[in-house]
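Descriptive analysis of the structure
Chain by chain, the residues run as shown.
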Amino acid sequence: MPDTNLSPAGRIRNTALTCLAVAAGMLGLAYASVPLYNLFCTVTGFGGTPMLASGPATKVLDRTMTIRFDANVAPNLPWRFSPETPAIKVKVGETQTITYRIRNTGDAPATAMATFNVLPELAGGHFMKLECFCFQENTLKAGETMEAAVVFYIDPAIAHDPSMADIHDITLSYTYFPSKNGKTLEASAK
């Protein structure tokens, strides 16, 4: 119930302060939304975000899945990027290591960073990474080649997820983008 003992100037001041507080809160939420969304995706696997694991799975199941590896490079980056193999069959819970080969085909040094996702998106919460080269800046001299590995397993909890019962194939997709100071140039231009 509003305070009717306030003068008109006091009511205007309270209204102005309330509007200012709401605007400041909205601005704060706007700045916090991206980090909060990223945290949410990392914790839940939402949007195909693989989970970070602290150690290998405690058990290996008989269920076998096909894991496909997709490697992409932004059009403005003169790199070649490919996995050692396009796909493997893996038992759920079994730790696997896949190596990627990255080569700078340009005539100047280039710095880039890989982003990733998992498809289908529901599988992101079950794709557990123990080691990954994603979100690490890499600088390659002209003609230089490097290898990078991803170590992962599929969480045995997938067997108890009814939404994953008919899923037999998972794709891990990486894309390299030019970067500077730990941010992709596409993201820093926005």
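What comes next concerns the included structure. (Residues numbered from 1 in each chain as written. Predicted model: local features only at pLDDT ≥ 70, side-chain atom pairs only at ≥ 80, totals over all residues. Heavy atoms only, no water.)

**What about the overall build of the chain?**
Across its full length, the chain carries two helices and 11 strands. Listing each helix as α and each strand as β along the chain from the N terminus yields α-β-β-β-β-β-β-β-β-β-β-β-α. Buried residues in the chain amount to 34% of all 190 residues. Carbon and sulfur atoms make up 59% of the accessible area of the chain, which amounts to about 11300 Å² in all. (Helix = DSSP H or I, 4+ residues; strand = E, 2+ residues; numbered from the N terminus. Buried < 20%, exposed > 50% of the residue type's maximum accessible area, 1.4 Å probe, protein only. Areas by Shrake-Rupley, 256 points an atom, 1.4 Å probe, with all protein chains shown as cover.)

**Some details on the packing of aromatic side chains**
The full count for this structure, using the stated rule, is 12 aromatic pairs. A centroid spacing of 5.2 Å and a plane angle of 55° characterise the contact between Trp79 and Tyr176, whose relative ring orientation is tilted. Taken together, the positions of Trp79 in strand β3 (residues 79-83) and Tyr176 in strand β10 (residues 169-180) put the pair 97 residues apart, joining distant regions of the chain. The class of Trp79 is buried, set by a relative accessible area of 6%. Connected via pairs of aromatic rings, a cluster forms that spans Phe69, Trp79, Phe81, Tyr100, Phe116, Phe127, Phe133, Phe152, Tyr174 and Tyr176. Here Lys129 stacks its cationic end above the ring of Phe116, 3.4 Å away from the centre of that ring. (Phe/Tyr/Trp six-rings, centres within 6.5 Å; stacked < 30°, edge-to-face > 60°. Lys NZ or Arg CZ within 6 Å of the ring centre and 35° of its normal.)

**Details of the pairing of strand β2 (residues 64-73)**
One ladder, built from five bridges, connects β2 with strand β4 (residues 87-91); its direction is antiparallel. Along β4, the bridge assignment pairs Met65 with Val90. (Pairing = 2+ DSSP bridges.)

**Quick look at the side chain of Asn104**
Counting through the fold element by element, Asn104 comes out in strand β5 (residues 96-104). There is a polar contact of 2.9 Å between the side chain of Asn104 and the backbone oxygen of Leu140. Reaching out from Asn104, the side chain makes a polar contact with the backbone oxygen of Lys141 at a distance of 3.3 Å. Among residues more than four places away in sequence, those in contact with Asn104 are Pro78, Trp79, Pro109, Ala110, Leu140, Lys141, Ala142, Gly143 and Glu144. (Polar contact = N/O pair within 3.5 Å; in protein donor to acceptor, adjacent residues only side chain to side chain. Contact = heavy atoms within 4.5 Å.)

**Examining the state of the cysteines**
Applying the stated criterion across every chain, the model contains one disulfide. In this model Cys132 forms its disulfide with Cys134; the gap between the sulfur atoms is 2.4 Å. Take Cys132 and Cys134: they sit in the same class, and that class is buried. (Disulfide = S-S within 2.5 Å.)

**Brief notes about the nonpolar core**
Counting residues in hydrophobic clusters, the biggest one holds 35 residues, and the most contacted among them are Ile67, Tyr100, Phe133, Tyr174 and Tyr176. Contributions of two or more residues to this core are made by β2, β3, β4, β5, β6 (110-119), β9 (145-154) and β10. (Core = buried A, V, L, I, M, F, W, Y, C linked by side-chain atoms within 4.5 Å.)

The quantities given are spatial measurements derived from coordinates; they are silent on function.
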